[in-house]
Amino acid sequence: MCAAMLHAEGRRVHHGLTMCGRYNLISNLTVLGERFEFDPSQLTLQSAYNVAPTQDVLTVVGGESRRAGFMRWGLVPFWAKDRRIGSRMINARAETVADKPSFRDAFKRRRCLVLADGFYEWQRTPSGKRPMRIAMRSAEPFAFAGIWSVWKDDQGNRIPTCAIITTSANELLKPIHHRMPVVLPRDREDFWLDPSIEDPSRLRSVLMPYPDDAMEAYEVSTLVNSVANDGSELITRVA
């Protein structure tokens, strides 16, 4: 998936291991609240150009009304003994999410939107890996299909965690990577968030590659390789 992964308690980055493993969210809360139909008044959000696993990420859940909040990226099943397992569960494959013990309960009952403006992938070339940013041609924010769970530590603290679902790449992504995160069409977001829908076959029907003609991909600076870097220069096009 996005070819970078941050270890749960460290700062090391490994390229080529996961997808999606790095993205950005730079739209302000007012724009996000209007687009994704939630009340942003109780939240604060800073622009994040280099979101990485194990960080808290902005998500939206459904119910009687949509609610936004932060979850730790890297799903920790409620039965897990150690939350560090989440660093290996940042993504769930669309093809197996309904069957894997770590994901199937969340897929059936606890689904969310993970908000983003773009994501990164590293393209293999003869001269090395080139970081690429993938975003909407319209520059609008969008939502990854996510699943979530709540894990309790030894002190009884409830820690919400999430994972992003991935699928096969569309035609735009295929030259870069064979997988991509599931980006939900706007008209399927309510369906995804509807807690009354539990049929795996119906839910799988929306886990498709996003239309490539609505997206763009361009090379960005290798500064994005390090999670220590986080600024607007990370999304600037490389000539």
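For the structure given in this document, a descriptive report is provided here. (Residues numbered from 1 in each chain as written. Predicted model: local features only at pLDDT ≥ 70, side-chain atom pairs only at ≥ 80, totals over all residues. Heavy atoms only, no water.)

### Considerations on the sheet that holds strand β14 (residues 215–219)
Turning to step 1, where the next piece is worked out: As summarised here, the arrangement of the five strands in space is β4-β3-β9-β10-β14, forming an open sheet in which the pairing is antiparallel. Each having just a single partner strand, β4 (48–51) and β14 make up the two edges of the open sheet. Sheet twist, expressed as the mean angle between neighbouring strand axes with direction ignored, is 30°.
Turning to step 2, where the next piece is worked out: As paired elements, strand β9 (residues 118–125) and strand β10 (residues 128–136) share eight bridges and run antiparallel to each other. Residue pairing for β10: Thr125 is matched across the bridge by Gly128. (Pairing = 2+ DSSP bridges. Helix = DSSP H or I, 4+ residues; strand = E, 2+ residues; numbered from the N terminus. Axes fitted to C-alpha atoms, helices over the stretch in contact; angles between N-to-C directions.)

### Side note on the environment of Asp82
Turning to step 1, where the next piece is worked out: Secondary-structure assignment places Asp82 in the loop between β6 (67–73) and β7 (91–93).
Turning to step 2, where the next piece is worked out: Residues Asp82 and Trp148, 66 residues apart in the sequence, show an inter-C-alpha distance of 17 Å.
Turning to step 3, where the next piece is worked out: When neighbours within four sequence positions are excluded, Asp82 is seen to be in contact with Val76 and Trp151.
Turning to step 4, where the next piece is worked out: Among the polar contacts made by the side chain of Asp82, one reaches the side chain of Arg84 at a distance of 2.7 Å. (Contact = heavy atoms within 4.5 Å. Polar contact = N/O pair within 3.5 Å; in protein donor to acceptor, adjacent residues only side chain to side chain.)

### Some remarks on unusual backbone geometry
Turning to step 1, where the next piece is worked out: With a phi angle near 75°, Thr54 is a residue other than glycine that sits in the positive phi range.
Turning to step 2, where the next piece is worked out: Residue placement: Thr54 occurs in the loop between β4 and β5 (56–61).
Turning to step 3, where the next piece is worked out: The exposure class of Thr54 is buried, given its relative accessible area of 13%.
Turning to step 4, where the next piece is worked out: With phi around 70°, Ala139 is a residue other than glycine that occupies positive phi space.
Turning to step 5, where the next piece is worked out: When you line up the elements, Ala139 lands in the loop between β10 and β11 (142–152). (Buried < 20%, exposed > 50% of the residue type's maximum accessible area, 1.4 Å probe, protein only.)

### Things to note about the environment of Pro53
Turning to step 1, where the next piece is worked out: By the secondary structure assignment, Pro53 is in the loop between β4 and β5.
Turning to step 2, where the next piece is worked out: We classify Pro53 as buried; its relative accessible area is 0%.
Turning to step 3, where the next piece is worked out: Through-space distance from the C-alpha of Pro53 to that of Asn91 is 9.8 Å; in sequence the pair is 38 residues apart.

### Here's the deal with the packing of aromatic side chains
Two aromatic rings are characterised by how far apart their centres lie and by the angle between their planes.
Turning to step 1, where the next piece is worked out: Applying the stated rule across the entire model yields five aromatic pairs.
Turning to step 2, where the next piece is worked out: Ring geometry for Phe119 against Phe144: centres 6.0 Å apart, planes inclined by 65°, an arrangement best described as edge-to-face. Of the two residues, Phe119 is situated in strand β9 and Phe144 in strand β11; the sequence distance between them amounts to 25 residues.
Turning to step 3, where the next piece is worked out: Judged by centre distance (5.4 Å) and plane angle (75°), the ring pair of Phe142 and Phe144 falls under edge-to-face.
Turning to step 4, where the next piece is worked out: Phe142 gets classed as buried once you look at its relative accessible area, which sits at 3%.
Turning to step 5, where the next piece is worked out: Using a relative accessible area of 0% as the deciding quantity, one classes Phe144 as buried.
Turning to step 6, where the next piece is worked out: Through a chain of ring-to-ring contacts, three or more aromatic side chains come together here, namely Tyr23, Trp73, Phe119, Phe142 and Phe144.
Turning to step 7, where the next piece is worked out: One Lys or Arg, Arg237, reaches over the ring of Tyr218 and ends 4.1 Å from the middle of that ring. (Phe/Tyr/Trp six-rings, centres within 6.5 Å; stacked < 30°, edge-to-face > 60°. Lys NZ or Arg CZ within 6 Å of the ring centre and 35° of its normal.)

### Let's talk about the nonpolar core
Turning to step 1, where the next piece is worked out: In terms of nonpolar packing, the biggest core is built from 38 residues, with Phe107, Leu113, Leu115, Ile147, Ile165, Trp192 and Leu207 touching the most fellow members.
Turning to step 2, where the next piece is worked out: For this core, the secondary structure elements donating two or more residues are α1 (29–36), β5, α2 (104–109), β8 (111–116), β11, β12 (158–168) and α3 (189–193).
Turning to step 3, where the next piece is worked out: When residues of this core are assigned to their parent elements, the largest contribution, four residues, is made by β11.
Turning to step 4, where the next piece is worked out: Dropping the residues within four chain positions of it, Leu113 is found in contact with Phe36, Leu58, Thr59, Val60, Arg66, Ala143, Phe144, Leu184, Glu189, Trp192 and Leu193.
Turning to step 5, where the next piece is worked out: In terms of nonpolar packing, the next biggest core, distinct from the first, is built from 28 residues, Met71, Ile164, Leu173 and Ile176 among them. (Core = buried A, V, L, I, M, F, W, Y, C linked by side-chain atoms within 4.5 Å.)

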